[in-house]
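Residues per chain, in single letters:
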Amino acid sequence: MAKATREAYGEELAKLVVENEKIVVLDADLAGATKTADAKKACPERFFDFGIAESDMIGHAAGFAASGYIPFASTFAMFAAGRAWEQIRNSVAYPHLNVKVCATHAGITVGEDGVSHQAIEDIALMRVIPGMEVYVPCDENQTKAVIDHVAGTSKPCYVRLGRAAVEDVYDSKDVDVTKVHVLREGKTAAVFACGVMVQEALKAAELLKDKGIDLTVVDVCAIKPCDEEGILKVLGNHEIIFTAEKHNIIGGLGGLISEIASEKCPRKVVRIGVEDRYAESGPAKELMKKYKLDAEGVAEKIEKSL
Amino acid sequence: MEIQELREHAKNVRKNILKMIANANSGHTGGSLGAADLLTVLYLEVMDVNKENVKGIDRDRFVLSKGHTSPLLYAVLAEKGLLDEKELMTFRKIDSNLQGHPNMNYVDGVDMSTGSLGQGLAAANGMAIANKLSGNNHRVYALVGDGESEEGEIWEAAMAAAHYKSDNLCAIIDENGLQIDGFTKDVMNPEPLDEKFKAFGWNVITIDGHNLEEIRNALEEAKTVKGKPTAIIAKTIKGKGVSFMENQASWHGKAPNAEQLEQALAELEAE
């Protein structure tokens, strides 16, 4: 079944807000789009809208967290990781406050809204902050598992969610979101992917199978803290490594894997993502095709790089 | 507390501010001295915070939105007996709990980490809304600079506080008319602050920020206002109490040398 990770977030949060009276839900005039509207419906007394004022929303989230609440604060990734970056850095992460920034519409699959709304820098911006946890779930079940996980920790967290519907990867939400998961084992090379690119990497592996290219595909949901042991195990078993993300190739998953590889297990790492450029308006599927982030584009890049 | 007794406490707070900053050879002297009367009255007379409750949040809380005046907060916490006076001399030094800008994780009684201007008022209102949600009657105070009010987030927070009818929130606006680059009216005029807060839906009380009686009365009056937050516009003199520091933008972030410290302490003593 196909469902957007933002929808899975909305469903899970609506459940959690009823179960845990310490959870408060904050939004900045995008509840319908981020899907916090589900939680608002389930528990209107613990839903707070801050209007079109994302920095202010994060500041308020810090105040709620300092008062013993667990705020889930949502807006689009551009305005959470981008506009409110410094509020997250100074008012949330530095004082180690228990705020969950759940940002939707990340990456270029926002589609028609275009570049102003296509956050391709947010993973980098969030993971560079000391103490900030970063998760990029790929499907409905993993998103629900991530939301359950972050609700149960006392750490500041960033969860990257998408707008477009994505196919299921996991059958149940009984998935350890702190570990990498080898979804497919091959001998030619390994692809580390996160978010929607997990599905594209899996499809790319199928496309390349008939060409004698046998890929390992690894899902990396926890960008920080990452499962370094799991990543090193995969690096140890392959000579050539690819990363795939719906993010700039600078600073995100590609950066993470390159850092680990260069320090602990030198490998050729080829980064697949948005190649340090701005995309444009258009339907999500067509953008993925044009910017070579769909299965065909990923397969092409891998084939050329081998 | 008698006004004379409060005055002595404020004088001691000012002395400690000067000693800390001189000892560190770094820190924000002007603003710390300027708002000393405000925080002395707030902590010693008005706020429900004491040794027994300071470790928790079941009490009134204070956010120093203009975090650079941390010497003032530390000195007032010491004056209240919540911080060991000896610790003040560690200010801005390696391994100290007394960071250049306040860190809530290090000091009981520092209720929010601040320093980046404009962020504290939103956090304070978050606390105020949380207090209402929790059903308690604790109040939240914030000290905001007039220069700081040039930050847009102050007005986002001001809008939100009125929207959520945070009558348990009281912002004290330290209106000293100066900022690093000069007079606020010349750098980027934030005035009229009283009219702006009124327009944003706040109850506004304007006072002389060095008149201890007026400060106390305003803070008490704010407690009685229902349905809206209160802004106390406190007209202050940056560097108040030390003649050569008063109304000088140059003393915003400068530490006195040994000679200047001696002269400043002597002036305060003679006051």
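So, how was this worked out
- Residues numbered from 1 in each chain as written.
- Chains lettered and ligands numbered in written order.
- Predicted model: local features only at pLDDT ≥ 70, side-chain atom pairs only at ≥ 80, totals over all residues.
- Helix = DSSP H or I, 4+ residues; strand = E, 2+ residues; numbered from the N terminus.
- Rg over C-alpha atoms; globule rule 2.2 N^0.38 Å.
- Buried ≥ 20, exposed ≤ 12 C-beta atoms within 10 Å, placed from the backbone.
- Contact = placed C-beta atoms within 7 Å.
- Nonpolar A, V, L, I, M, F, W, Y, C, P; charged D, E, K, R; others polar.
- Expected span 1.5 Å × (residues − 1).
- Pairing = 2+ DSSP bridges.
- Axes fitted to C-alpha atoms, helices over the stretch in contact; angles between N-to-C directions.
- Domains from an automatic or database assignment.
- Core = buried A, V, L, I, M, F, W, Y, C linked by C-beta atoms within 7 Å.

**Description of the overall build of chain A**
Tallying secondary structure elements over chain A gives 13 helices and 14 strands in all. Rg of the C-alpha trace for chain A: 18 Å, near the compact-globule value of 19 Å for 306 residues, within the 12% margin. Counting all 306 residues of chain A, 61% fall into the buried class. Counting contacts in chain A only where the partners sit at least 6 residues apart, residues at least 24 apart contribute 80% of the total.

**A word on the interface of chain B and chain A**
Listed by partner, the interface residues are 22 residues for chain B and 22 residues for chain A. Within the residue set of the side of chain B that touches chain A, elements represented by two or more residues are α5 (120–134) and α6 (152–163) of chain B. Per element, the largest residue contribution to the side of chain B that touches chain A is 9 residues, and it comes from α5 of chain B. For the side of chain B that touches chain A, the class distribution of residues is 11 nonpolar, 8 polar and 3 charged.

**What to know about helix α11 (residues 253–264) of chain A**
All names here are of chain A. If you check α11, its first and last C-alpha atoms are 16 Å apart, about what 12 residues at 1.5 Å a residue would give, namely 16 Å. Among the residues of α11, Leu253, Gly254, Gly255, Leu256 and Ile257 are the ones counted as buried. Of the surrounding elements, those touching the buried residues of α11 are α7 (122–127), β10 (189–193), β12 (222–224), α10 (228–237), β13 (240–248) and β14 (268–274).

**Let's talk about the sheet that holds strand β7 (residues 157–160) of chain A**
Residues and elements named next belong to chain A. Taking strand neighbours across the sheet as the criterion, the 7 strands line up as β3-β2-β4-β5-β7-β6-β12 in an open arrangement whose pairing is mixed. A single partner strand is all that each edge strand has here, and the edge strands are β3 (47–49) and β12. The mean angle between the axes of side-by-side strands here comes to 20°, regardless of whether they run parallel or antiparallel. Of the strands in this sheet, β2 (23–27), β4 (70–76), β5 (100–104), β6 (133–135) and β7 touch helix α8 (residues 140–151), which is tilted by about 170° from β7.

**Here's the deal with the sheet that holds strand β9 (residues 181–184) of chain A**
Residues and elements named next belong to chain A. An order of β9-β11-β10-β13-β14 is seen for the 5 strands of this open sheet, with the pairing classed as mixed. The open sheet has two edge strands with one neighbour each: β9 and β14. Along the sheet, successive strands turn relative to each other by an average axial angle of 25°, direction set aside. Of the strand pairs in this sheet, β10 and strand β11 (residues 215–219) are connected by 5 bridges, and their pairing is parallel. Bridge pairing links Phe192 to Val218 in β11. Running at roughly 170° to β11, helix α9 (residues 197–209) makes contact with β9, β10, β11 and β13 of the sheet. Contacting β10, β13 and β14, α11 runs over the sheet at an angle of about 150° to β13.

**Things to note about the domain arrangement of chain A**
All names here are of chain A. Entries for chain A in the domain assignment read domain 1 (3–166) and domain 2 (181–305). Between domain 1 and domain 2, the C-alpha centre-to-centre distance is 25 Å. Contacts between domain 1 and domain 2 engage 27 residues on the former and 30 residues on the latter. Of all the secondary structure elements, the ones that give two or more residues to the side of domain 1 that touches domain 2 are α7, β6 and α8.

**Concerning the pairing of β2 of chain A**
All names here are of chain A. The element β2 is extensively covered by neighbouring structure, given that 5 of its 5 residues are classed as buried. Both β2 and β4 contribute to a ladder of 5 bridges, which runs parallel. Paired with Leu26 across the bridge in β4 is Ala73. Judged from the 3 bridges that link them, β2 and β3 form a sheet pairing that is parallel. From the neighbouring strand, Val25 faces β3, where its bridge partner is Phe47.

**Here's the deal with the nonpolar core**
Ranked by size, the top nonpolar core spans 195 residues in total, and within it Ala103, Tyr135, Val191, Ala201, Val220 and Ile223 of chain A together with Ile232 of chain B carry the most contacts. Looking at this core element by element, the count peaks at 8 residues for α5 of chain B. Counting contributing residues per domain, this core is built from domain 1 (3–166) and domain 2 (181–305) of chain A, each supplying no fewer than three. Those residues in contact with Val191 of chain A that lie beyond four places of it in its chain are Ala201, Leu215, Thr216, Val217, Val218, Phe242 and Ala244 of chain A.

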